[in-house]
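Here is what each chain is made of, one letter per residue.
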Amino acid sequence: MKRYILTGIILFFVLSGIVIFKPTKPQHNSSNNKPGAYEYYYNENEDDEEDSLLPEDLSSILSNSRTVPLDTIPGSKTVLVNRVYLLPSDYIPPNLVVPNVKFSFTYSSDKRKLRKVAADALERLFQAGEKDHVELYGVSGYRSYARQKQIYDKNIATRGQAATDAVSAKPGSSEHQTGLTIDVSARSVNFRLDQSFGDTTEGRWLAENAHLYGFIIRYPYGKSEITGYSYEPWHIRFVGKAVATYLYENELTLEEYYGVEDAVKEDAAKNESKPRVDVEDPDSVKYATPRPTVKPKASASPKPTKKPERPKKTNDKPKKTKKPIQTKTPATDSPTAPPAATPVPTPVPTAVPTEPPAAESAAPTVQDHNTSQ
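Residues numbered from 1 in each chain as written. Predicted model: local features only at pLDDT ≥ 70, side-chain atom pairs only at ≥ 80, totals over all residues. Heavy atoms only, no water.

1. Comments concerning the packing of aromatic side chains
Per the stated rule, a full pass over the model turns up 8 aromatic pairs. Their ring planes at 85 degrees and their centres at 5.4 Å tell us that Tyr 221 and Tyr 231 sit as a pair that is edge-to-face. Linking Tyr 221 in the loop between strand E6 (215–219) and helix H6 (224–227) with Tyr 231 in the loop between H6 and strand E7 (232–238), this pair joins segments that are 10 residues apart in sequence. Judged by its relative accessible area of 15%, Tyr 231 falls in the buried class. Ring pairs connect the aromatic residues Phe 103, Phe 105 and Tyr 107, which therefore count as one cluster. (Phe/Tyr/Trp six-rings, centres within 6.5 Å; stacked < 30°, edge-to-face > 60°. Helix = DSSP H or I, 4+ residues; strand = E, 2+ residues; numbered from the N terminus. Buried < 20%, exposed > 50% of the residue type's maximum accessible area, 1.4 Å probe, protein only.)

Given below as structure tokens:
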């Protein structure tokens with residue numbers, strides 16, 4: 001009897017311990033959000049850190065609207081970071097690793113690093129590119145708040161506040177601090193951060209395939225007023241396959257996805273600021289006129305230029321007709337009939353007979369040469 005009682009007591013304490021010490025998933029709050037405002041979603045495998053505020057099946061929240069609840073949780077893979085929604089100064093992303101990809105530099109640096117979930121996806125993206133004969137290189141990945149502040153303060157010292165705000169991201173507003181973003185380039189543009197990269201084979205392939213591996217072109221062409229940043233075809237951001245595919249298919253930015261596209265416009269109007277660039281060295285960026293703006297200029301300019309050129313071409317034609325008149329001197333084979341040529345212009349026969357002697361003298365030498373053979 002005592003044995004059964006003892007066994008029951010042991011089982012009771014074991015079960016109580018499981019209930020008491022069972023870990024619960026943490027609740028995430030933000031300085032910009034109220035506690036409990038959003039539900040935080042997790043995958044079953046937490047080591048994969050594929051965490052996001054949004055569920056994998058977007059149809060459950062996009063059935064009646066294209067927008068979703070705003071995600072400003074720093075550790076979320078779908079967090080919105082821009083010039084209005086900033087990251088905390090003390091935020092450091094978890095699980096920073098160096099992806100096994102090619103970089104445009106050889107030295108060791110934090111900008112080689114990404115969060116593991118983004119690093120793994122980047123490896124798959126680069127490998128897929130190589131299969132399609134597209135070779136991509138990493139240029140700049142993770143950038144800490146302290147590093148961004150250093151860049152920003154340096155630009156203020158050399159450019160001034162207004163000029164700096166036009167070219168450099170403020171500390172906390174750079175997506176590179178998330179560890180989910182990396183700038184990429186290719187040999188075709190000498191590994192530069194060049195806007196013409198978007199028109200290269202590598203740039204077009206990246207824009208068409210990045211979403212298959214969970215990345216988006218974060219600052220696409222024509223959306224600068226919405227994102228607050230200039231066109232950056234090299235800047236890719238990991239958000240997961242589901243969100244990336246939805247944004248790609250609907251041609252949306254994260255601002256439009258969250259329904260806050262007017263926030264950046266209002267900030268720009270209030271501060272009278274232009275779109276910035278989210279790069280480590282603004283002076284290293286090469287701006288090029290993207291093709292969409294080149295085409296209308298090219299189509300409009302040739303019309304006025306062709307009109308003045310037409311009379312010039314007509315004037316050239318008569319000049320060319322004079323040459324065949326001279327080339328018709330092979331009719332000099334008829335120097336035996338000078339009476340027909342001499343009566344009209346006196347200078348013509350003088351020029352004509354000078355050529356036949358050369359031809360006559362040349363003819364016998366050829367004949368002599370042939371007879372010698």
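Right, picking up where we left off after that structure.
2. Structural notes on the pattern of salt bridges
Under the defined criterion, the tally for this structure stands at 13 salt bridges. A salt bridge links Glu 280 to Lys 111; the nearest nitrogen and oxygen atoms lie 3.3 Å apart. Here Lys 111 lies in the loop between strand E1 (96–97) and strand E2 (114–115) and Glu 280 lies in the loop between helix H9 (261–271) and strand E8 (285–286), a separation of 169 residues in the sequence. For Glu 280, a relative accessible area of 22% translates into the label partly exposed. (Salt bridge = Lys/Arg side-chain N within 4 Å of Asp/Glu carboxyl O.)

3. A few points about H9
Among the residues of H9, those classed as buried are Glu 261, Val 264, Asp 267 and Ala 268. Buried residues of H9, viewed axially, fall in a sector of 135 degrees; they line one side. Exposed side chains of H9 directed beyond 90 degrees from the buried face belong to Glu 266, Ala 269 and Lys 270. Where the residues of H9 are buried, they touch H6 and helix H8 (254–257). Once H9 ends, the next one or two residues include Glu 272, with phi positive near 50 degrees. (Arc of directions from axis to C-beta. Contact = heavy atoms within 4.5 Å.)

4. Regarding helix H3 (residues 145–159)
Along an α-helix, residues three or four positions apart point the same way, because every turn accommodates 3.6 residues. Compared with an ideal rise of 1.5 Å per residue, which puts 15 residues at 21 Å, H3 spans 21 Å between its outermost C-alpha atoms and is within 8% of the ideal. Buried within H3 are the following residues: Gln 148, Ile 151, Tyr 152 and Asn 155. Each buried residue of H3 sits inside an arc of 95 degrees when the element is viewed along its axis, so together they form one side. Among the exposed residues of H3, those oriented more than 90 degrees off its buried face are Ala 146, Lys 154 and Ala 157. Buried residues belonging to H3 abut helix H4 (161–167). Once H3 ends, the next one or two residues include Gly 160, with phi positive near 100 degrees. (Expected span 1.5 Å × (residues − 1).)

5. Re the sheet that holds strand E4 (residues 181–185)
Reading across the sheet, the 4 strands line up as E3-E4-E7-E6 and stay open at both edges, with antiparallel pairing between neighbours. Either end of the sheet is taken by a strand with one partner, and the two such strands are strand E3 (137–140) and E6. Within the sheet, the average angular offset between the axes of one strand and its neighbour, ignoring direction, is 45 degrees. Inspection of the sheet shows E6 paired to E7 by 4 bridges, in the antiparallel sense. Residue Tyr 219 lies in a different strand from E7, and its bridge partner there is Glu 232. (Pairing = 2+ DSSP bridges. Axes fitted to C-alpha atoms, helices over the stretch in contact; angles between N-to-C directions.)

6. Here's the deal with the packing of helix H2 (residues 116–131) against helix H5 (residues 201–209)
Running from amino to carboxyl end, H2 crosses H5 at an angle of 125 degrees, the nearest separation of the two axes being 11 Å. By the angle between their directions, the pair H2 and H5 is classed as oblique. As H2 runs across H5, the sense of the crossing is right-handed. Counting all contacts with H2, which are made through Leu 125, Ala 128 and Gly 129, the residues of H5 involved are Trp 205, Leu 206 and Asn 209. When the residues that make up the contact of H2 with H5 are grouped by side-chain class, the tally is 4 nonpolar, 2 polar and no charged. (Parallel < 35°, antiparallel > 145°, perpendicular 65-115°, else oblique. Left-handed = near helix turned anticlockwise from the far one by under 90°. Nonpolar A, V, L, I, M, F, W, Y, C, P; charged D, E, K, R; others polar.)

7. Looking at the environment of Gly 141
Checked against the element boundaries, Gly 141 lands in the loop between E3 and H3. The sequence separation of Gly 141 and His 176 amounts to 35 residues, and the corresponding C-alpha distance is 6.2 Å. Once you skip the residues sitting within four places of it in the chain, Gly 141 turns out to touch Lys 111, Lys 113, Leu 114, His 176, Thr 181 and Ile 182.

8. Some remarks on the nonpolar core
In terms of nonpolar packing, the biggest core is built from 33 residues, with Leu 122, Leu 125, Phe 197, Leu 206, Phe 215 and Ile 236 touching the most fellow members. Going through the elements one at a time, H2, E4, H5, E6 and E7 are the ones with two or more residues in this core. With 8 residues, the single largest contributor to this core is H2. With near-sequence residues (within four places) excluded, Leu 206 lies in contact with Leu 125, Leu 136, Val 184, Phe 197, Ile 217, Pro 233 and Ile 236. Val 243, Ala 244, Leu 247 and Tyr 257 belong to the second largest nonpolar core, which has 15 residues in total. (Core = buried A, V, L, I, M, F, W, Y, C linked by side-chain atoms within 4.5 Å.)

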